[in-house]
Amino acid sequence: MRIGFIGCGAMGGAIARGAVAAGLVDGGQMLLYDSYLPSAEALAGELGAQVASGAADVAGGADLLVLAVKPNVIEAVLADVASHLDQTLVVSIAAGIPLARLEAASRAGGSGEVARVVRAMPNLAASVGQAMTGLALGTRVSEPEAEPVRALFEAVGRVAMVPESLFSPFVAMAGSSPAFALEYADSLARAGVAAGLTKRAALEYAAQAMRGAAELLLSELDKQGGRSAADLIDAVCSPGGTTVAGMMALDGAGFRAATEAAVAATIARDRELAG
Ligand SMILES: NC(=O)C1=CN([C@@H]2O[C@H](COP(=O)(O)OP(=O)(O)OC[C@H]3O[C@@H](n4cnc5c(N)ncnc54)[C@H](OP(=O)(O)O)[C@@H]3O)[C@@H](O)[C@H]2O)C=CC1
Ligand SMILES: O=C(O)[C@@H]1CCC=N1
């Protein structure tokens, strides 16, 4: 399978690196294009991929084309390459842009036929094989036809089929939430520094504890009748102990309310981008 990337920034790079690291494709099977040439060249140098001379060359030369450009340009990019997509399955990872708009852009730029498009929402952890990706299929793509897309994102993490009507909450849960989690890690570590730890050590302790908590929760979710997040919290909170004191302080300082506000703001912005 030849995979093409238009856009080699944070996410194009993360998915390409993750796919090669997972052994899904050899770097030599990747075609890269970015309007900022040094981005494509640096990624190609790292992965042994080829740099294409233009977006149309990537589109025409790839079995699977990942559009990893910002939401404000994706429709123009798709329209530009639409006449080269006869043999190509397209994946958009743009926040906010619905399949209907992507299909309309491909129809306008091509021969009048809608391209085969899948909408995906991965996250930055794709580069280390730990993304959570939601997928929704366009009108011309069946689940079996979307298998190469599923294979790409399964190579870089977990995958869920998500109704497009739920993409905005999905962005909050999985696309944007690595930033929320990192903000939490950084806040935790800053407080650790205040208590005498070095920042490097505090971040390592916090990150490993967060990884452990995440793996614990996933292992419970993967079981029939496994424990919930609240059950696991209760298991950490010893009666009269340290954790329950910390939990009550978190509650008093509005941790849940702040988290809910972050999710609501993310959803609102995603819907605003959808127009
Ligand atoms: N960052 C994240 O964690 C996530 C992002 N996304 C989505 O991924 C997409 C890409 O985001 P991200 O990787 O963060 O963005 P970046 O800005 O890091 O990367 C986008 C790249 O595309 C280049 N570019 C801009 N216009 C064109 C064009 N016409 N043709 C080819 N390349 C172009 C940009 O160049 P230049 O800088 O010169 O404009 C840049 O190098 C967005 O749509 C976003 O919604 C989805 C999930 C997570
Ligand atoms: O901030 C953004 O809009 C993108 C989408 C999800 C993560 N980053």
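For every chain, the first residue of the written sequence is number 1, and numbering continues from 1 onward in sequence order. Each chain is given a letter, starting from A, and each ligand a number, starting from 1, according to the order in which they appear as written. Given that the model is predicted, a residue must reach a pLDDT of at least 70 before its local features are reported, and side-chain atom pairs must reach 80 or more before they are shown or counted; all residues, however, enter totals for whole chains, interfaces and linings. Computation of side-chain values covers all heavy atoms of the structure but excludes hydrogens and water.

Draft legend 1. Broad picture of the site of ligand 2. The criterion for a residue being near a molecule or strand is simple. One of its heavy atoms has to lie within 4 Å of it. If you check the shell around ligand 2, you find Ala95, Gly175 and Ser176 and nothing else. Taking 250 Å² as the accessible area of ligand 2 by itself, protein coverage stands at 44%. A cavity here means a set of 1 Å grid points, computed over protein atoms only, where a 1.4 Å probe fits but cannot escape. A pocket is an open set with protein on both sides within 12 Å along at least 5 of 7 lines, and lining residues have an atom within 4 Å of a point. For this analysis, a molecule is said to be in a pocket or cavity if more than half of its atoms are within 2 Å of the grid points defining it. Among the cavities detected, the one that contains ligand 2 is the second largest pocket. All accessibility values rest on the Shrake-Rupley procedure with a 1.4 Å probe; residue burial counts only the protein chains present in the view.

Draft legend 2. A look at the environment of phenylalanine 170. Helix and strand definitions follow DSSP, with helices as H or I runs of at least four residues and strands as E runs of at least two, each counted in order from the N terminus. Residue position: phenylalanine 170 is located in helix α7 (residues 167-175). A simple rule labels every residue: compare its accessible area, found with a 1.4 Å probe on the protein chains alone, to the largest value its type can have, and call it buried under 20%, exposed over 50%, or partly exposed in between. Phenylalanine 170 gets classed as buried once you look at its relative accessible area, which sits at 10%. Taking the C-alpha atoms as reference, phenylalanine 170 lies 32 Å from aspartate 57; in sequence the two are 113 residues apart. Every residue pair with non-hydrogen atoms within 4.5 Å of one another is taken to be in contact. Aside from chain neighbours lying at most four places away, what touches phenylalanine 170 is Met121, Met132, Thr133, Gly134, Val162 and Gly175.

Draft legend 3. Representation of the site of ligand 1. Lining the immediate surroundings of ligand 1 are 20 residues, of which Ala10, Met11, Asp34, Val69 and Ala95 lie closest. Polar contact is defined as a pair of N or O atoms within 3.5 Å, subject to the rule that within protein one atom must be able to donate a hydrogen and the other to accept it, and that residues adjacent in sequence are counted only when both atoms are side-chain atoms. A distance of 2.8 Å is found between an oxygen atom of ligand 1 and a backbone nitrogen or oxygen belonging to methionine 11. In isolation ligand 1 has 890 Å² of accessible area, and contact with the protein removes 71% of it. Spatially, ligand 1 is embedded in the second largest pocket. Of all the elements in the fold, those that place two or more residues in the shell around ligand 1 are α1 (10-21) and α4 (71-81). With 3 residues, α4 is the largest single contributor of residues to the shell around ligand 1.

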